[in-house]
Amino acid sequence: MIITDNHMHLYNNLRFEALKQFKKEGGTHVFLVSLLTTCYDFPVRSGKDFGQIFDFHIDMVGKANEIVKAFSILSVHPAEITILGGKVGFQKAAEIMKKALDVAGKYVAEGKAVALKSGRPHYSVPEEVWDLSNRVLRHAFEVAKDVNCPVQLHTESFTLDGMKEIIKIAEKVGINTEKVIKHFAPPEVSKFEEIGMFPSIIASGKNVVTAAEQGSRFMVETDYIDDKKRPGSVLGPKTVPKKIKELLNAGFKEELVYKICKENPEKIYDIEIIE
Ligand SMILES: [Zn+2]
């Protein structure tokens, strides 16, 4: 059986051991997302400097593939506007982020990664920063459209209005909104379908079962961050396989698992997911 975690990180805690645990529990495929610039030893002063981070990440994903099938997602995290902005000013930070997305798009075009990650801050920011973040997000959609890849979104907490606003930006750019994925999504499968955004449900509590009760238009993730300061956060690496088993025990069919762990990611990322 194919079991896919749609959003996980490897950092400084369990590292590859996390994937061994995932595999032991039944996990087969994982999307590994690069981290904030502060998690790496590379100095970032320009968009081009993100290339070193992406190279490092892609190399790590290559090694991860010796354990499970791993795909690379390149992130220009929305919080960079604050991190980089504190050093170079917000305007300049937004420029750097846009250039970094261009670099990420190039890697995707070369087949080294399957998606971008962008979004807007999940914490409250001054209006100027919010506007700049929306412009960076718009640029992420432009790059994704050019190279025909999905964008995972890190955003403020889910509200219908907020998500609709993001979809409007995506539609203006002209990207297929089925490729706009809300990372860390609540189990609002029906609402996401209505908006036209694709949810990656955070596999906590009863979320996966709640999502499955509404259909099969979703993926699942742990957002395991592998940070030794917060071990086990957000959810441990074994969580998705465990929750999939819970789903089957609750009477849901293997066809549903096939849909959420294989067919959905295959269609969205334009990849092949095979055992
Ligand atoms: Zn994450």
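Here is a short report on the structure shown in this document. As the structure is a prediction and not an experimental result, all values here were calculated from the model.

Cut-offs and rules
- Residues numbered from 1 in each chain as written.
- Predicted model: local features only at pLDDT ≥ 70, side-chain atom pairs only at ≥ 80, totals over all residues.
- Helix = DSSP H or I, 4+ residues; strand = E, 2+ residues; numbered from the N terminus.
- Rg over C-alpha atoms; globule rule 2.2 N^0.38 Å.
- Buried ≥ 20, exposed ≤ 12 C-beta atoms within 10 Å, placed from the backbone.
- Contact = placed C-beta atoms within 7 Å.
- Pairing = 2+ DSSP bridges.
- Core = buried A, V, L, I, M, F, W, Y, C linked by C-beta atoms within 7 Å.

1. A closer look at the overall build of the protein
Here is step 1: Scanning the protein from terminus to terminus reveals 10 helices and 8 strands.
Here is step 2: Computed over its C-alpha atoms, the radius of gyration of the protein comes to 17 Å, within 12% of the 19 Å expected for a compact globule of 275 residues.
Here is step 3: Seen through its principal axes, the protein has C-alpha atoms that stretch 55 × 40 × 35 Å.
Here is step 4: Taken across its 275 residues, the protein has 46% of its residues classed as buried.
Here is step 5: Taking contacts inside the protein between residues at least 6 apart in sequence as the whole, the part at least 24 apart equals 69%.

2. Looking at the environment of Tyr258
Here is step 1: Locating Tyr258 in the fold gives a position in helix H10 (residues 254-269).
Here is step 2: Tyr258 sits in the partly exposed class, given 15 other C-beta atoms within 10 Å.
Here is step 3: Sequence-wise, Tyr258 and Ile3 are 255 residues apart; in three dimensions their C-alpha atoms are separated by 8.3 Å.

3. Description of the pairing of strand S4 (residues 115-119)
Here is step 1: Among the 5 residues that make up S4, 5 are buried, leaving the element largely enclosed by the rest of the structure.
Here is step 2: Alternating positions in S4 separate into two faces, Ala115, Lys117 and Gly119 on one and Leu116 and Ser118 on the other, with burial throughout.
Here is step 3: Of the pairings in the sheet, the one linking strand S3 (residues 69-75) to S4 comprises 3 bridges and is parallel in character. Within the sheet, the bridge partner assigned to Ile73 lies in S4 and is Ala115.

4. Remarks on the nonpolar core
Here is step 1: Residues Leu32, Ile73, Met97, Ala104, Leu116, Ala140 and Val151 are the most contacted members of the largest nonpolar core, which totals 80 residues.
Here is step 2: At 10 residues, helix H4 (residues 90-109) tops the list of elements feeding residues into this core.
Here is step 3: When residues no more than four places from it in sequence are discounted, the contact partners of Leu116 are Leu74, Leu101, Ala104, Gly105, Val108, Ala140, Val143, Ala144, Cys149 and Val151.

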